[in-house]
Amino acid sequence: MTDLTRRSLALCAALWLGLWCGGAEAQGPVRVASKIDTEGALLGNMIIAVLEANGIKTANKLQLGPTNIVRTAIIAGEIDLYPEYTGNGAIFFSLPSDPAWKNARAGYEKVKDLDRAANKLIWLEPAAANNTWVIALRQDLAGANHLASMTDFAQWVRGGGQVKLTASAEFVESPAALPSFEKTYEFKLQPNQLIVLAGGDTAVTMRAAAERTSGANSAMAYGTDGALDSLGLLALSDPKGAQVVYAPAPVVRGAVLEAYPKMAGLLDPVFRSLDEPVLRRLNARIAVAGEEAREVAADYLRAKGFLK
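Please read these numbers as outputs of a predicted model, since none were measured by experiment.

A. Local environment of the overall build of the protein chain. Secondary structure summary: the protein chain contains 16 helices and 10 strands in total. For the protein chain, the C-alpha atoms occupy an extent of roughly 90 × 40 × 30 Å along the three principal directions. Here the protein chain holds 308 residues, and 50% of them are scored as buried. Within the protein chain, residue pairs in contact and separated by at least 24 positions form 74% of the contacts whose partners lie at least 6 positions apart. Accessible surface computed for the protein chain: about 14600 Å², of which carbon and sulfur atoms make up 55%. Distance from the positive charge centre (31 side chains) to the negative charge centre (32 side chains) of the protein chain: 3 Å.

Here it is as structure tokens:
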């Protein structure tokens with residue numbers, strides 16, 4: 001046996017063990033994962049449906065776990081692609097005070113550059129949506145007092161508006177959450193205007209506001225929470241950028257994108273079509289109406305012409 005033959009056999013053995021050999025990655029399925037939440041399932045199913053419809057085979061690893069599990073998996077090469085949020089770059093790279101995270105485009109460009117350099121991970125185009133902390137008001141209260149933004153809310157509070165906010169201890173205490181809203185918009189909620197609930201589940205805080213539990217009329221929520229509309233709550237806009245922007249975007253290993261170069265052209269227009277009202281509506285079909293994430297994703301993609 002020649003030395004060349006011996007090396008060729010060794011390379012083929014590596015291939016059977018699942019290691020990279022020539023064009024192996026181009027032939028294998030793309031392992032698509034997501035976080036365990038509703039929106040992760042929705043976005044992950046969109047990614048799988050679009051790739052499969054365009055001849056890119058996938059392996060379904062959706063709802064793999066929370067952020068730390070999925071992030072560790074892609075860095076280790078155990079998965080190939082998943083939807084992540086731009087604002088999490090502040091945590092990934094220990095830069096919580098960088099002002100870039102409060103600007104949608106600047107935050108995206110920063111995490112894209114950092115992750116490419118550090119981990120050879122490529123961030124594709126983000127959605128025009130922000131799944132960040134918001135304060136949500138009962139729609140009847142917002143309408144009666146002409147409240148649509150945090151600027152309006154702050155002026156109302158300073159004028160003696162009767163606020164009763166339900167929130168987690170983290171939201172009330174974390175400098176990045178309620179204190180950031182208060183500092184940016186120059187208002188202050190007193191202890192008797194706060195109902196602090198155990199845990200950080202926005203489904204609980206929103207329901208308390210919707211049902212006026214203990215006099216609540218507003219709640220901590222996330223910008224794309226599916227239950228906002230169904231519970232009659234309005235998410236106040238944040239025109240001064242008090243909060244970090246969490247725009248969802250597909251993150252893919254560089255080697256996989258090189259193997260499937262058309263992937264960006266397929267997924268970028270899908271994510272650009274997603275804004276906050278769209279994501280709230282689609283999330284509600286899953287979280288509130290109980291529809292399957294795969295069917296909701298496919299319906300949307302067909303309606304927008306991304307699937308036939």
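Further notes follow.
B. Structural context of the sheet that holds strand 5 (residues 133-138). Across the sheet, which stays open at both edges, the five strands sit in the order 7-6-8-5-9 with mixed pairing between neighbours. Since the sheet does not close on itself, it has two edges, and those belong to strand 7 (194-197) and strand 9 (233-235), each with one partner. Along the sheet, successive strands turn relative to each other by an average axial angle of 35°, direction set aside. Bridge count for strand 5 against strand 9 is three bridges, and the pairing is antiparallel. For Leu-137, the partnering residue across the bridge sits in strand 9 and is Leu-234.

C. How the structure looks around empty space enclosed by the protein. Summed over all chains, the structure comprises one cavity of 30 Å³ or more. Taken as a whole, the largest cavity spans an internal volume of roughly 30 Å³. Residue lining of the largest cavity: Ser-34, Lys-35, Asp-37, Gly-40, Leu-43, Pro-83 and Tyr-85, and that is the complete set. Tallied by class, residues from the lining of the largest cavity come to three nonpolar, two polar and two charged.

D. Up close: the pairing of strand 5. With six of six residues buried, strand 5 lies mostly within the body of the structure. With five bridges connecting them, strand 5 and strand 8 (residues 218-222) associate as antiparallel partners. If you follow Leu-137 over to strand 8, its bridge partner there is Ser-218.

E. Highlighting the layout of surface pockets. Taken as a whole, the largest pocket encloses approximately 1200 Å³ of empty space. Asn-131, Thr-132, Trp-133, Tyr-222 and Tyr-246 are, among the 43 residues lining the largest pocket, the residues nearest its centre. Every element with two or more residues in the lining of the largest pocket is listed here: helix 3 (38-53), helix 5 (89-92), helix 10 (178-185), helix 11 (202-210) and helix 15 (276-287). Of the residues assigned to the lining of the largest pocket, the class counts are 21 nonpolar, 13 polar and nine charged.

F. Layout of the pattern of salt bridges. Per the stated rule, a full pass over the model turns up 16 salt bridges. A salt bridge links Arg-253 to Asp-80, with the nearest nitrogen and oxygen atoms 2.9 Å apart. Highlighted residues: Arg-253 in strand 10 (residues 248-253) and Asp-80 in the loop between helix 4 (67-75) and strand 3 (81-85), separated in sequence by 173 residues. Pair check on accessibility: Arg-253 and Asp-80 agree, each one buried. Among the charged side chains, a network of salt bridges with common partners joins Arg-105, Glu-109, Lys-112 and Glu-125.

G. Region of the structure containing the confidence of the model for the protein chain. Taken residue by residue, the protein chain gives an average pLDDT of 91. The fraction at 70 or more is 91%. Scored below 50 in pLDDT, residues 1-26 shows 15 contacts in the model against residues more than four places distant or in partner chains.

H. Region of the structure containing the packing of aromatic side chains. Evaluated as defined, the whole model comprises five aromatic pairs. Taking 5.5 Å as the distance between ring centres and 90° as the angle between the ring planes, the aromatic pair formed by Phe-153 and Phe-187 counts as edge-to-face. Remark: Phe-187 occurs in the loop between helix 10 and strand 7 and Phe-153 occurs in helix 8 (residues 150-158); sequence separation between them is 34 residues. When its relative accessible area of 6% is taken as the criterion, Phe-187 is described as buried. Taken together, a centroid distance of 6.4 Å and an interplanar angle of 50° make the contact between Phe-171 and Phe-181 tilted. Separated by 10 residues along the polypeptide, Phe-171 in helix 9 (residues 169-173) and Phe-181 in helix 10 bring together distant segments of the chain. Aromatic rings pair up to connect Trp-133, Phe-171, Phe-181 and Tyr-222 into one cluster. One Lys or Arg, Arg-71, reaches over the ring of Phe-92 and ends 4.0 Å from the middle of that ring.

I. View of the nonpolar core. Within the largest apolar cluster, 38 residues are counted, with the highest numbers of intra-cluster contacts made by Met-46, Leu-51, Leu-81, Met-263 and Leu-274. Every element with two or more residues in this core is listed here: strand 1 (30-35), helix 3, helix 13 (254-259), helix 14 (263-272), helix 15 and helix 16 (293-303). When residues in this core are grouped by element, the largest group, eight residues, is from helix 3. Once residues within four sequence positions are removed from consideration, Leu-51 is found in contact with Val-32, Ile-56, Thr-58, Leu-81, Met-263, Leu-266 and Leu-267.

J. Inspection of the packing of helix 3 against helix 16 at higher detail. In the contact formed by helix 3 and helix 16, the axes pass within 8 Å of each other and the chain directions differ by 60°. The orientation of helix 3 with respect to helix 16, classified from their angle, is oblique. Crossing of helix 3 against helix 16: the hand is right-handed. On helix 16, the residues that touch Ala-41, Leu-42, Asn-45, Met-46, Ala-49 and Val-50 of helix 3 are Ala-293, Arg-294, Val-296, Ala-297, Tyr-300 and Leu-301. Considering only residue class, the contact of helix 3 with helix 16 consists of 10 nonpolar, one polar and one charged.

Reading guide: rules and limits
- Residues numbered from 1 in each chain as written.
- Predicted model: local features only at pLDDT ≥ 70, side-chain atom pairs only at ≥ 80, totals over all residues.
- Heavy atoms only, no water.
- Helix = DSSP H or I, 4+ residues; strand = E, 2+ residues; numbered from the N terminus.
- Buried < 20%, exposed > 50% of the residue type's maximum accessible area, 1.4 Å probe, protein only.
- Contact = heavy atoms within 4.5 Å.
- Areas by Shrake-Rupley, 256 points an atom, 1.4 Å probe, with all protein chains shown as cover.
- Lys, Arg positive; Asp, Glu negative; His and termini not counted.
- Charge placed at Lys NZ, Arg CZ, Asp CG, Glu CD.
- Pairing = 2+ DSSP bridges.
- Axes fitted to C-alpha atoms, helices over the stretch in contact; angles between N-to-C directions.
- 1 Å grid on protein atoms, 1.4 Å probe; cavity = no way out; pocket = protein on both sides within 12 Å on 5 of 7 lines; lining within 4 Å.
- Points joined across faces, edges and corners; volume = space filled by probe spheres on them.
- Nonpolar A, V, L, I, M, F, W, Y, C, P; charged D, E, K, R; others polar.
- Salt bridge = Lys/Arg side-chain N within 4 Å of Asp/Glu carboxyl O.
- pLDDT = per-residue confidence, 0-100.
- Phe/Tyr/Trp six-rings, centres within 6.5 Å; stacked < 30°, edge-to-face > 60°.
- Lys NZ or Arg CZ within 6 Å of the ring centre and 35° of its normal.
- Core = buried A, V, L, I, M, F, W, Y, C linked by side-chain atoms within 4.5 Å.
- Parallel < 35°, antiparallel > 145°, perpendicular 65-115°, else oblique.
- Left-handed = near helix turned anticlockwise from the far one by under 90°.

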